[in-house]
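Structural description and commentary
Here is how the chains run, residue by residue.
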Amino acid sequence: MQRISIQQLTLGMYVEQIETEHSRTRMAKPGYVRRPETIQKLRQNGIKYVWIDADQLLSAEEIHYKGPLNKGKYASTGADIDQARTLIDTSKQQLSRLLNDIYDNKPIDVSPIEDLAGGIVDNIFKRQHAVAWISGIRDKSAYLMEHSLNVAFLLVNFGRYLGFDHATLQELAVGGLVHDIGKVLVADEILNKPGKLTAEEFDHMKLHQVFSQPVLDSIPDLSQIARDVSLMHHEKLDGNGYPNGLQGEALHTIGRMSGIVDIYDALTADRCYKRAMSPSEAFKIMMGLTPFHLDPTLLRSFIQCIGFYPIGSLVELEDGRVGLVWQENLDDITRPVVKIFYSVRSNQFREVEYIDLNRRHDIRIARATSEMALDIHVDAFR
Ligand SMILES: [Fe+2]
């Protein structure tokens, strides 16, 4: 990040923090300056300096874009998506090597996991949109790996939203990557069982937390934060969680965040036996788990962090058209750009079109929906 005076701030810059005479504040939603009025407003509010990410700068064409929406415009993040995808591929390879080493009882080296965590943190800062897309793409056959990566991404995003420092975010990412490490030692037929587990099978599954402990102990230099993510993500505020039945304050913020993120990813995952829930469907269920299981205040922050209509989620418009949230609108999060390709009126796919709801105030989102609710697959449109 770079500190510049408000006089030096120009259109297209990416602002992360603002500073007055007396205080420095992280933006709730860091973003590009696209309008002169934004700079004017900052000046009027007494902002003297801003902290920008000098690596991110919009071109004049991107700032002034006003023409009709077309695919080209929104495909402009293609390079970012490719880079994020490469990161995910390497991450999977490294993580799979790590899981194999644990399985084979080999000594574990934490440095590749730390590099991986560093890559995740950097990506979330530099390529937020691309990362949002990537975490929506899941590989059913390697669920454990996907889930571990997603939990790492979600934890870093959540931590960043709460204003945690970079070092903590890095440890959160490591924690996410190793959080279910004990599952490597759970019987395959239970780990990969399609559908609900019996009570006995569930008891066996719970053992993954018992198995995790010695594995974590055997990783040298693993931070307490990373350990806490792993050891606390199944604890509940009322003490009815496992493995240690922690209660109240003993289950601290990092542990509470881990529980929220773990459940959210499980609910919104596309598995062979169930389709993914939409974020808002998952949020509804999670609200029902407060306050005895999840922390209500933290859950509210998490919902704000993920957003009403996160990129890559499905929405239904009031006129029955259905599409994917394609681009967030920083001025009004309830009016994203939507890529339309289906209609619930005809129950048929239709020609693809992009609608910027911030320019079309006559159209509104009726509800968030999901592949499960519509009984369709939309991967081809991502
Ligand atoms: Fe777990």
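Residues numbered from 1 in each chain as written. Predicted model: local features only at pLDDT ≥ 70, side-chain atom pairs only at ≥ 80, totals over all residues. Heavy atoms only, no water.

**Re the environment of Val378**
To be explicit about the condition: Only runs of H or I of at least four residues qualify as helices and only runs of E of at least two qualify as strands under DSSP, and these elements are numbered from the N terminus. What makes two residues a contact is simply this: any of their non-hydrogen atoms within 4.5 Å.
Positionally, Val378 belongs in the segment after α15 (371–374). Between the alpha carbons of Val378 and Phe349 there is a distance of 9.9 Å; along the sequence they are 29 residues apart. Sequence-distant contacts of Val378, defined by excluding residues within four places in its chain, comprise Leu314, Leu324, Phe341 and Glu371.

**Description of the packing of aromatic side chains**
Pairs of aromatic rings are described using the distance from one ring centre to the other and the angle between the two planes. Threshold: In this scheme Phe, Tyr and Trp rings, the latter by its six-membered ring, pair at centre separations within 6.5 Å, and the angle between planes marks the pair as stacked below 30 degrees, edge-to-face above 60, and tilted otherwise. Two thresholds decide whether a charge sits over a ring: the Lys NZ or Arg CZ must be within 6 Å of the ring centre and within 35 degrees of the ring normal.
Tallied over the entire structure, the rule returns ten aromatic pairs. Ring centres of Tyr14 and Tyr32 lie 4.8 Å apart, and the angle between their planes is 75°; on these two criteria the pair is classed as edge-to-face. Placement of Tyr14 in strand β2 (residues 13–19) and of Tyr32 in strand β3 (residues 24–32) is noted, with a sequence separation of 18 residues between them. Here Phe349 and Phe381 contribute two aromatic rings whose centre-to-centre distance is 5.5 Å and whose plane-to-plane angle is 15°, an arrangement assigned as stacked. Of this pair, Phe349 sits in strand β8 (residues 348–356) while Phe381 sits in the segment after α15, and the two are 32 residues apart along the sequence. In this structure, Arg3 is placed above the aromatic ring of Tyr49, and the distance from its NZ or CZ to the ring centre is 3.7 Å. Sitting over the ring of Trp51, Arg24 keeps its end group 3.7 Å from the ring centre.

**So, the nonpolar core**
Put simply, the rule reads: Throughout this description, the term nonpolar core refers to a set of buried Ala, Val, Leu, Ile, Met, Phe, Trp, Tyr and Cys residues connected via side-chain atoms within 4.5 Å. Three exposure classes are used, based on accessible area relative to the maximum for each residue type with a 1.4 Å probe and protein chains only: buried under 20%, partly exposed in between, and exposed over 50%.
Membership of the largest hydrophobic core comes to 36 residues, with the highest contact counts inside it found for Leu155, Leu172, Ile260, Val261, Tyr264, Met286 and Phe302. For this core, the element with the most residues is helix α12 (residues 253–267), which contributes seven residues. Residues contacting Phe302, with those up to four places away along its chain left out, are Leu154, Phe158, Ile260, Val261, Tyr264 and Phe283.

**Examining the coordination of the iron ion**
Counted only if it meets this: Here the term donor refers to an N, O or S atom within 2.8 Å of the metal (or 3.2 Å for Na, K and Ca), and because water is left out of the atoms, sites may appear incomplete. In these descriptions, tetrahedral denotes four donors with every angle between 85 and 135 degrees, square planar four donors and octahedral six donors with opposite donors over 155 degrees apart and the rest between 65 and 115, and irregular any other case.
For the iron ion, the protein coordination sphere consists of Asp180 (OD), His208 (NE2), His233 (NE2) and His234 (NE2), at 2.0 to 2.5 Å. The site at the iron ion holds four donor atoms, and with the angles between them running 83 to 168°, its shape is irregular. Between consecutive donors of the iron ion, the numbers of intervening residues give the motif D-x27-H-x24-H-H. Assigned by exposure class, His233 and His234 land together as buried.

**Let's talk about the side chain of Asp180**
Here is the rule: Each polar contact in these results corresponds to two N or O atoms within 3.5 Å; when the atoms are within protein, one needs to be able to donate a hydrogen and the other to accept it, and residues that are neighboring in sequence are counted only if both atoms are side-chain atoms.
Following the sequence through the fold, Asp180 ends up in the loop between α8 (166–178) and α9 (188–191). By relative accessible area, which is 2% here, Asp180 ends up buried. A polar side-chain atom of Asp180 sits 3.1 Å from a polar atom in the side chain of His208. The residues touching Asp180, leaving out its near neighbours within four places in the chain, are Leu144, His147, His208, His233 and His234.

**Digging into helix α10 (residues 199–217)**
Counting along an α-helix, one turn takes 3.6 residues, and residues three or four places apart therefore face a common direction. Convention followed: Any helix carries an expected span of 1.5 Å times its number of residues minus one. In this analysis the local bend is the angle between axes fitted, respectively, to the seven residues ending at and the seven residues starting at the residue.
Helix length check: α10 (19 residues) gives 29 Å between terminal C-alpha atoms against 27 Å at 1.5 Å per residue, within 8%. At Phe211, α10 is deflected by roughly 25°, the largest bend along its length, and proline Pro214 occurs up to four residues later in sequence. For α10, the complete set of buried residues consists of Met205, His208, Gln209, Ser212, Val215 and Leu216.

**Focus on unusual backbone geometry**
Between Tyr242 and Pro243 the backbone carries a cis peptide bond, its omega angle lying at 10°. Along the chain, the position of Pro243 falls in the loop between α11 (224–232) and α12. Residue Pro291 is bonded to the preceding Thr290 through a cis peptide linkage, with omega at -5°. Summarising the element assignment, Pro291 is placed in the loop between α13 (279–287) and α14 (296–306). One non-glycine residue, Asn347, lies in the positive phi region at around 55°. Residues other than glycine seldom take positive phi values, yet Asp375 does so here, at roughly 60°. With respect to the helices and strands, Asp375 occurs in the segment after α15.

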